[in-house]
Structures are given as structure tokens and as C-alpha cells.
Amino acid sequence: METPNPFRAPGEWLRCALHAHTTNSDGELAPERLALHFDQAGYDVLFVTDHWVRTVVDQPLRILTIPSIELNATIEGTGSDAHVLALGVVDDPIEPGAAFPNLQETVDWIRGSGGLAFVAHPYWSGLTSHEFRNCVGLSGVEVWNSGCELELGRGLSAVHWDEGLEAGERWLGIASDDSHLPGFDSGFSSVWVKVEERTQEAVLHAIEQGLFYSSNGPLIHDVSIDGSGVEVVCDPAHQVSLITFRVFGASVTAGRLGRANAARVTDRTPDGLIRGARLGRFGSWPFGRIEVTDVHGRKAWTNPLWYSA
């Protein structure tokens with residue numbers, strides 16, 4: 001079954017920051033100053049995700065601010081603690097005492113409050129993917145967290161994401177700054193959401209449907225799919241890959257040691273970087289997502305663009 005392709009959907013792209021903190025929890029800036037910071041940095045939407053606090057920004061700005069929360073949840077039977085982004089919830093949480101609710105209870109509360117639930121920074125948290133699989137209502141996973149990368153070098157959770165996809169989970173992948181110190185740990189990551197109107201409802205609906213891609217650098221301009229392959233148009237890149245099941249997939253790489261595996265370059269810059277690629281799609285791979293890497297190692301990730309029936 002195909003999933004929505006945001007590059008073929010109507011509307012405009014909005015640059016969104018999905019994970020940031022204010023002085024209402026452990027952030028450096030007051031809510032209005034945080035919103036102004038991201039507004040001036042060129043973002044269109046800011047999700048304010050204070051720990052256990054639903055922060056509403058009253059000051060009117062060009063940027064759309066969406067009250068959200070970062071919650072904790074216990075992974076039953078393990079003693080592990082997961083952090084969960086509650087995007088767009090309309091209720092205030094009640095902080096627990098000695099114990100946090102389990103993950104399923106936390107996700108149920110988020111969905112019941114009109115929000116979307118994403119597991120935040122699982123690599124930083126020391127989680128394995130099986131610890132949060134089979135959670136009903138979980139929208140996905142934070143595939144990249146700039147703050148965790150800056151702090152400990154544990155920002156990338158692509159393995160957690162792919163293990164879930166291989167196991168049949170239909171997780172979406174988001175990238176965020178998790179900003180606490182704006183100016184130091186902000187402006188690195190974006191979720192580019194395709195919407196037909198600039199409203200909270202439209203943004204949340206697009207995220208829920210997977211009408212977005214994520215990046216900590218390069219832009220993806222177009223993705224098209226047919227029965228035998230995927231065409232990608234992007235910012236000049238060192239590598240463009242089709243990530244799918246286990247040892248399968250396709251990739252093209254630029255440079256002296258560059259090679260093509262089940263793929264070919266369709267457009268290059270004068271200095272040999274990749275602006276377009278066709279990546280082969282064969283058999284009944286259960287999912288396929290695109291990953292673009294620039295010469296600085298920064299990446300962009302699409303959501304899985306198809307699933308097997």
C-alpha cells in the first residue's frame with residue numbers, strides 16, 4: 001500500500017521546529033523570546049515542548065506556535081525511561097510522583113488530547129527499538145536530535161527507525177534541534193511540512209499523514225515513484241540512497257571513490273556532486289525511504305514512501 005508522497009501533494013512547504021524548550025522547564029529563553037528567535041531564524045512553525053508543561057505563547061508573531069509537551073514514560077519490564085513528544089495536545093498534563101505511566105498509557109493520553117506521539121532521542125535514552133514496538137497510536141521516532149549529537153554524539157537513531165519499519169511498524173521519522181540554548185543548539189534541523197493552509201490543524205494533519213520530510217542540512221526538491229524505481233532531485237549531495245529491507249537498497253555516491261549500486265546519477269553539478277538520481281526498486285521490499293547526504297555529512301530523510309501490501 002502506497003503512503004502519501006508530500007512532493008506530489010498540493011500546498012506549500014512550511015519549515016517547522018518540533019522540539020524546543022523555554023524557561024517554563026529547562027530552556028534558556030522565555031516563551032516569547034524563544035518564538036522570536038525561531039521566527040528570525042526563518043522557521044514558519046514552532047512546537048514548544050517544555051517538560052511536563054504545556055506552554056502557550058501569547059505574543060503574536062509571523063511564526064505559528066503550537067503548544068506541545070515532552071513527557072516521560074516507563075518501558076514496562078525494563079526499568080528504562082522513554083521521552084515522548086506530545087505534539088499539539090490541548091490539555092495540560094499532571095506530573096506524576098514516584099512513577100511515570102507506561103508508554104502505552106502515555107501515548108493513549110496524548111492521542112486522547114488531540115496530539116501526536118513521537119519517541120524522542122531513543123539512542124540518547126539508551127533504548128532499543130523493541131522496547132517501544134507494538135505501541136498502538138505511536139506516530140514515529142525522532143531519527144535525528146541535534147542537541148543529543150552536540151552533547152554526546154548520540155543524535156542519530158536511524159537504526160531504531162529501520163528496525164521498527166522492518167518489523168512492520170509504520171513509523172514516521174522526524175528531525176529536531178531539541179533546543180535548550182538557542183543560538184548554540186538551534187537552527188540545525190527542520191521538518192518540512194506540506195500544507196494547504198497555515199493553521200495548527202493543517203500542520204498536525206500533514207504530520208499525521210506523513211506529508212513531510214526532515215533534514216539537518218540538505219533540501220530535497222522532488223521525489224517520484226514508479227514500479228521500477230524512485231527519482232530524486234535534491235541539493236548538491238555526496239550520496240543519495242534508497243534505504244529498505246536489510247542488505248537490499250540502492251545508492252549513488254560522488255567523488256573519486258564514488259560508485260552506483262542499482263542506481264544512476266541523472267544530474268550533476270560542474271564539480272561532480274549529485275543533484276538528481278534514479279534508484280532501483282525491485283521485488284516486494286516492505287518499505288522504502290530516501291536519505292540524502294551532503295559533503296558535510298548532513299542528511300535529509302523522507303518518510304517511507306511505500307509499504308508492501
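Residues numbered from 1 in each chain as written. Predicted model: local features only at pLDDT ≥ 70, side-chain atom pairs only at ≥ 80, totals over all residues. Heavy atoms only, no water.

**Q** Run through the pairing of strand E17 (residues 289-293), naming residues and quoting values.
**A** Counting buried residues along E17, five of its five residues qualify, which places the element largely inside the surrounding structure. In E17, alternate side chains face the same way, and those of Arg289, Glu291 and Thr293 on one face and Ile290 and Val292 on the other are all buried. Pairing between strand E12 (residues 239-243) and E17: five bridges, direction antiparallel. Looking at E17, one finds that valine 240 is bridged to valine 292. In the sheet, E17 pairs with strand E18 (residues 299-302) via three bridges, with the strands oriented antiparallel. Paired with threonine 293 across the two strands is lysine 299, which belongs to E18. Here E17 folds back onto E18 in antiparallel fashion, the turn holding five residues, of which glycine 297 has a positive phi close to 85°. (Buried < 20%, exposed > 50% of the residue type's maximum accessible area, 1.4 Å probe, protein only. Helix = DSSP H or I, 4+ residues; strand = E, 2+ residues; numbered from the N terminus. Pairing = 2+ DSSP bridges.)

**Q** If you had to explain the layout of surface pockets to someone new, which residues and values would you point to?
**A** Empty space within the second largest pocket amounts to approximately 230 Å³. If you go around the second largest pocket, you meet 17 residues; those closest to its centre are Trp124, Gly147, Glu151, Asp178 and His180. The greatest single-element share of the lining of the second largest pocket, amounting to four residues, is contributed by helix H4 (residues 146-152). (1 Å grid on protein atoms, 1.4 Å probe; cavity = no way out; pocket = protein on both sides within 12 Å on 5 of 7 lines; lining within 4 Å. Points joined across faces, edges and corners; volume = space filled by probe spheres on them.)

**Q** Would you mind going over unusual backbone geometry in detail, with residue names and values included?
**A** Despite not being glycine, tryptophan 52 shows a phi value in the positive range, around 60°. Structurally, tryptophan 52 is set in the loop between strand E2 (45-51) and strand E3 (64-75). We note that alanine 262 has phi near 55°; this positive angle belongs to a residue other than glycine. Checked against the element boundaries, alanine 262 lands in the loop between strand E14 (260-261) and strand E15 (263-268). The partly exposed category is assigned to alanine 262, whose relative accessible area is 38%.

**Q** Tell me about the nonpolar core, and name the residues and values.
**A** Core analysis: the largest hydrophobic core is formed by 28 residues, its most contacted members being Leu103, Ile110, Phe132, Leu138 and Trp161. Only E3, strand E4 (80-87), helix H2 (103-112), strand E5 (116-120), strand E6 (138-145) and helix H5 (158-166) provide two or more residues apiece to this core. Contact partners of tryptophan 161, with chain neighbours within four places excluded, come to Val141, Val143, Trp171, Leu172, Gly173, Arg289, Trp301, Thr302, Asn303 and Pro304. Counting 25 residues, the second-largest nonpolar core is a separate cluster that includes Trp192, Val230, Val232 and Leu305. (Core = buried A, V, L, I, M, F, W, Y, C linked by side-chain atoms within 4.5 Å. Contact = heavy atoms within 4.5 Å.)

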